[in-house]
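Residues per chain, in single letters:
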Amino acid sequence: MQVVIYHNPNCSKSRKTLDLLQSKNIEPRIIEYLKSPPTHQELAGILQMLDLDPKELIRSGESVFRENGLDDPTLPKDQLIDAMIEHPVLMQRPIVVCNGRAAIGRPPENVLEIL
């Protein structure tokens, strides 16, 4: 079973989710997405697995959200995906991917549903 976590070590939810996985004897592949953001295709696939619109994955409280006019409801999905790749701080975290399914670790226990 290949498990991947899009991780931010500075985020308490992300650290707790990683700890939860490791407590289940799962050693996920850790991607620090702030350093290595997903590609457009990868993020589009994650959104599909999450069954979310890009607007639902964006952290709208980040200053870069307002500074880039991302609150415009007419923006196309591809533009929002590109914004999250350019400014990965905008992505909700952590995201865990396993066996073609994905979950956001808020709360961390959410990821247990896809394992």
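That block above? That's the structure.
Residues numbered from 1 in each chain as written. Predicted model: local features only at pLDDT ≥ 70, side-chain atom pairs only at ≥ 80, totals over all residues. Heavy atoms only, no water.

(A) Seen up close, the overall build of the chain. In terms of regular secondary structure, the chain is built from 5 helices and 4 strands. Its C-alpha atoms give the chain a radius of gyration of 14 Å, within 12% of the compact-globule value 13 Å for 115 residues. Oriented by its inertia axes, the alpha-carbon framework of the chain measures out at about 45 × 25 × 20 Å. The contacts of the chain with a sequence gap of at least 6 include a subset with a gap of at least 24, amounting to 64%. A total accessible area of about 6,300 Å² is found for the chain, and carbon and sulfur atoms account for 45% of it. Across the chain, the mean location of the 13 positive side-chain charges is 7 Å away from that of the 16 negative side-chain charges. (Helix = DSSP H or I, 4+ residues; strand = E, 2+ residues; numbered from the N terminus. Rg over C-alpha atoms; globule rule 2.2 N^0.38 Å. Contact = heavy atoms within 4.5 Å. Areas by Shrake-Rupley, 256 points an atom, 1.4 Å probe, with all protein chains shown as cover. Lys, Arg positive; Asp, Glu negative; His and termini not counted. Charge placed at Lys NZ, Arg CZ, Asp CG, Glu CD.)

(B) Quick look at the environment of N99. Inspection of the secondary structure assignment puts N99 in the loop between β3 (95-98) and β4 (101-104). For the pair N99 and D19, spaced 80 residues apart in the sequence, the C-alpha separation amounts to 20 Å.

(C) Molecular detail of helix α5 (residues 77-86). If you check which residues of α5 are buried, you get L80, I81, A83 and M84. Within α5, the buried residues cover an arc of 155° as seen down the axis, which keeps them to one side. Its buried side turned inward, α5 meets α2 (40-50) and α3 (54-57). (Buried < 20%, exposed > 50% of the residue type's maximum accessible area, 1.4 Å probe, protein only. Arc of directions from axis to C-beta.)

(D) Broad picture of the environment of N8. Inspection of the secondary structure puts N8 in the loop between β1 (3-7) and α1 (12-23). The residues touching N8, leaving out its near neighbours within four places in the chain, are S14, Y33, L34 and R93. In terms of polar contacts, N8 uses its side chain to reach the backbone amide nitrogen of N10, at 2.9 Å. (Polar contact = N/O pair within 3.5 Å; in protein donor to acceptor, adjacent residues only side chain to side chain.)

(E) Representation of the sheet that holds strand β2 (residues 29-32) in the model. With mixed pairing, 4 strands are arranged side by side in an open sheet as β2-β1-β3-β4. If you trace the sheet from one side to the other, it starts and ends with β2 and β4, each paired once. With strand direction ignored, the average angle separating the axes of adjacent strands in the sheet is 20°. The sheet contact formed by β1 and β3 spans 4 bridges and is antiparallel. Each bridged residue has a counterpart across the sheet, and for I5 the counterpart in β3 is V96. Packed onto the sheet, α2 meets β1, β3 and β4 and runs at close to 85° relative to β4. (Pairing = 2+ DSSP bridges. Axes fitted to C-alpha atoms, helices over the stretch in contact; angles between N-to-C directions.)

(F) Just the nonpolar core, in detail. Formed by 24 residues in total, the largest nonpolar core has its most connected members in Y6, L57, L90 and I95. At the level of secondary structure, the elements contributing two or more residues to this core comprise β1, α2, α4 (63-67), α5, β3 and β4. Excluding its chain neighbours within four sequence positions, the residues that come into contact with I95 are V4, I5, Y6, I46, L57, A102, A103 and I104. Grouped together as the second largest cluster of nonpolar side chains are 11 residues, L21, I26, A103 and I114 included. (Core = buried A, V, L, I, M, F, W, Y, C linked by side-chain atoms within 4.5 Å.)

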